[in-house]
Amino acid sequence: MSKLANQPAPPSSDMDVDSAAAVEEKNPVRFSINVLELMREAQMQHGLRHGDYTRYRRYCTARLRRLYKSLKFLHGRGKYTRRNITESTVTDVRFLHVVFYTAERAWSHAMEKKTAGPNAPQRIYMLGRFRKAVKWAALFSQLCSIKGDSRTSLEAEAYASYMKGTLLFEQEKNIEAAMLNFKNTRTVYEELGKYGSIENQLLCRQRIEEVEPMIGFCSRKLGGSALQEHDLLDMEKEGPAYDLFKAKIEAVLSETRSQQAASMTEFNWLGRRFPITSAKTRVSILKAQQLEKDLNGAATEPIPADKKLAIFDKLFSAYHEARSCIRNDLASAGNAENIRDELNGLDKAVSAVLGLRTIERNQLLVTIAKSKFAKHWDEKNEKITKPEELVRLYDLLIQNTTDLTDLVSSGRDKNEEENAFVREYELKDLAFRAERCFYLAKSYSSVSKRAEAYALFSYAHSLADSALQELANSPHKVLQSNSNALTLQTLIQDLEALSFNCRSNSCIEHATGIMEDESAPERLSKGVSTISLGDDKRKDTKYLLDILGSYESALGEQSAKAPCRISQFPPPFQSVPCNPIVLDMAYNTIEFPNLENRMKKEKKGLLRRFWG
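Residues numbered from 1 in each chain as written. Predicted model: local features only at pLDDT ≥ 70, side-chain atom pairs only at ≥ 80, totals over all residues. Heavy atoms only, no water.

If you look the chain up in an unreviewed UniProt entry, it shows as Signal recognition particle subunit SRP68 from Triticum aestivum. Heading Function (unreviewed entry) of the UniProt record for the chain holds this comment: "Component of the signal recognition particle (SRP) complex, a ribonucleoprotein complex that mediates the cotranslational targeting of secretory and membrane proteins to the endoplasmic reticulum (ER). The SRP complex interacts with the signal sequence in nascent secretory and membrane proteins and directs them to the membrane of the ER." (UniProt positions renumbered as here; feature names shortened; annotations may be inferred.)

As structure tokens, then:
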């Protein structure tokens, strides 16, 4: 034992340190970052949900400041001393966040300049920001390949490829390399989207959908094929990726429309031909006509209502632009009567088509409102449409129809097509009035005004019958106002259904009103029988200050929303005794005694007696 005790101890601590270092070199610590989730969460929560790149850039700056301070990785006080982030520097995952947010800050700054519509000097600055974003994204990918796990490294590589593709896409110098980088990004996210949670798969799918149009744009640019307008319109979506090439798509669309407008010489409407001399007017009308085809063309797959409303907004913008060009031409036409007559006719035709599309849009809104009017509150927690909202929509339709018929019938010599058009929309106006009266009766019925509702239902029934009678005297043919108009048979079916609903609802209101009148005396007698002149037996509200001597809660039930009963405020009135009122009526009749003899007399001297 003594020999063992005297022997020197083996250097176990040094051996353990060396072995730990060797193990660490063989198996270094790998950081894990979900790059796509980190980027999407930062962007959506700090401005890019609404396309506010300035707010996101400021967030990245503030985030970097916090990271530098928490890591104590500051760049000196007073004089700036740059400290580079290298492989040996990255001992914490926050160093990788520093590089990532630096790239995001440069990218958001570039996108801020791009969305503002940069001029030549600002474009140079914007490209510099994109280059800086590519540089930091490449560093991020390099550090993640060394310090991160395999998934982090793959996501960082896709992020760097996207940044590089963005720069090349914006420079328009090497479209092939840009497309290759975008394809690399798509390939990575396609592989990553096959694994992980549902949220991660959805994020990867969204990222692929953002990159796909950019790849398609690059391939069409390289192939030199003619860009179809509907293909480019499908690319117009929302999000940071789509802001990159929104201006490019618009430029290509304008170029394509200009080429197609060269062959467009006149505008046809209701059997009349109006020549178009202005190139800007041709382009605007051609854009509107293409949007009309997109609105009515997809017969196999119905277009969703929200997408239709968005197309209507673009359609109105195109027709308003065409009217503006026509009126500018009118202002510069001078005294040339022929040119002014042609331009006035073209302006009238475009205004009529604009009014027609406005009626179609409001009819779409009515269809959406009716679908929600028939639902209940428990269906997908959607709020049902009130009848007053449908009344307002039908007011708009009646006003639009009146304006359109006044515009078309304002000419002196009308052809048969114009007369048929006016007649058609007069019938539709009568149908709209019947529908408006029906939903106005519904609004009165909802507040239990039975007499008013019954009268309105009866009037709506008479309006629907009048419209049916006038339609029966019209020729049975397709209404030729536009390619998507209702046929006469469809309009008759709608009016017959409205007439039936008016008749049934008027009967229901009549019966309900009679039942309420019959039960009114019974309710009155029951109410009178419960009246009592004695003490009210309802439970009085007790406050905490009144029940201090007993253990009773003043908070009320937990499920109830009543306030706490601590003290009544304002305090109740209390009876206060009044001061007595004294009426002294005997004072004026009392004769008081003479008290002069009791008054003290003033003594006078001798001189005062003589001289007073």
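Okay, back to it.
(A) Layout of the overall build of the chain. If you tally the helices and strands in the chain, you get 20 helices and 2 strands. Classification of the 612 residues of the chain by burial places 37% in the buried group. Within the chain, counting contacts between residues at least 6 apart in sequence, those at least 24 apart form 66% of the total. Carbon and sulfur atoms provide 53% of the accessible area of the chain, an area that totals close to 39,500 Å². (Helix = DSSP H or I, 4+ residues; strand = E, 2+ residues; numbered from the N terminus. Buried < 20%, exposed > 50% of the residue type's maximum accessible area, 1.4 Å probe, protein only. Contact = heavy atoms within 4.5 Å. Areas by Shrake-Rupley, 256 points an atom, 1.4 Å probe, with all protein chains shown as cover.)

(B) Broad picture of helix α14 (residues 305-331). Across its 27 residues, α14 extends 39 Å between first and last C-alpha, which sits within 8% of the 39 Å expected from 1.5 Å per residue. Regarding α14, the residues found buried are I311, F312, L315, F316, A318, Y319, A322, R323, C325, I326 and L330. (Expected span 1.5 Å × (residues − 1).)

(C) Region of the structure containing the pattern of salt bridges. Within the structure shown, the criterion is met by 22 salt bridges. Salt-bridge contacts for R357 lead to E292; the nearest nitrogen and oxygen are separated by 3.0 Å. Residue R357 is located in helix α15 (residues 337-373), and its partner E292 is located in helix α13 (residues 279-297); the two are separated by 65 residues in the primary sequence. Note that R323 and D347 form a salt bridge whose closest N and O atoms lie 3.8 Å from each other. Of this pair, R323 sits in helix α14 while D347 sits in helix α15, and the two are 24 residues apart along the sequence. In this structure, R323 and D347 share a single accessibility class: buried. Because the salt bridges share partners, they merge into one network encompassing R40, R207 and E210. (Salt bridge = Lys/Arg side-chain N within 4 Å of Asp/Glu carboxyl O.)

(D) Representation of the nonpolar core. By size, the foremost hydrophobic cluster in this structure holds 65 residues, and its most contacted members are F267, W269, L404, V408, F421 and L495. Counting residues per element, the ones that place at least two in this core are β1 (266-269), α13, α14, α15, α16 (387-408), α17 (416-446), α18 (450-472) and α19 (488-529). F95, L96, L143 and M163 belong to the second-largest nonpolar core, a separate cluster that totals 52 residues. (Core = buried A, V, L, I, M, F, W, Y, C linked by side-chain atoms within 4.5 Å.)

(E) View of the pairing of strand β2 (residues 272-275). With 4 bridges joining them, β1 and β2 adopt antiparallel strand pairing. Its bridge partner being in β2, W269 is matched across the sheet by R272. Hairpin connection from β1 to β2: 2 residues lie between these consecutive antiparallel strands, with L270 at a positive phi of about 50°. (Pairing = 2+ DSSP bridges.)

(F) Representation of the packing of helix α7 (residues 150-171) against helix α9 (residues 198-223). Taken N-terminus to C-terminus, the directions of α7 and α9 make an angle of 30°; their axes are 12 Å apart at the nearest point. It follows from the interaxial angle that α7 and α9 lie roughly parallel. You can see that α7 and α9 cross each other, and the crossing is left-handed. Across the interface between the two elements, R151, Y162 and F169 from α7 touch N200, R207, V211, M214, F217 and C218 from α9. (Axes fitted to C-alpha atoms, helices over the stretch in contact; angles between N-to-C directions. Parallel < 35°, antiparallel > 145°, perpendicular 65-115°, else oblique. Left-handed = near helix turned anticlockwise from the far one by under 90°.)

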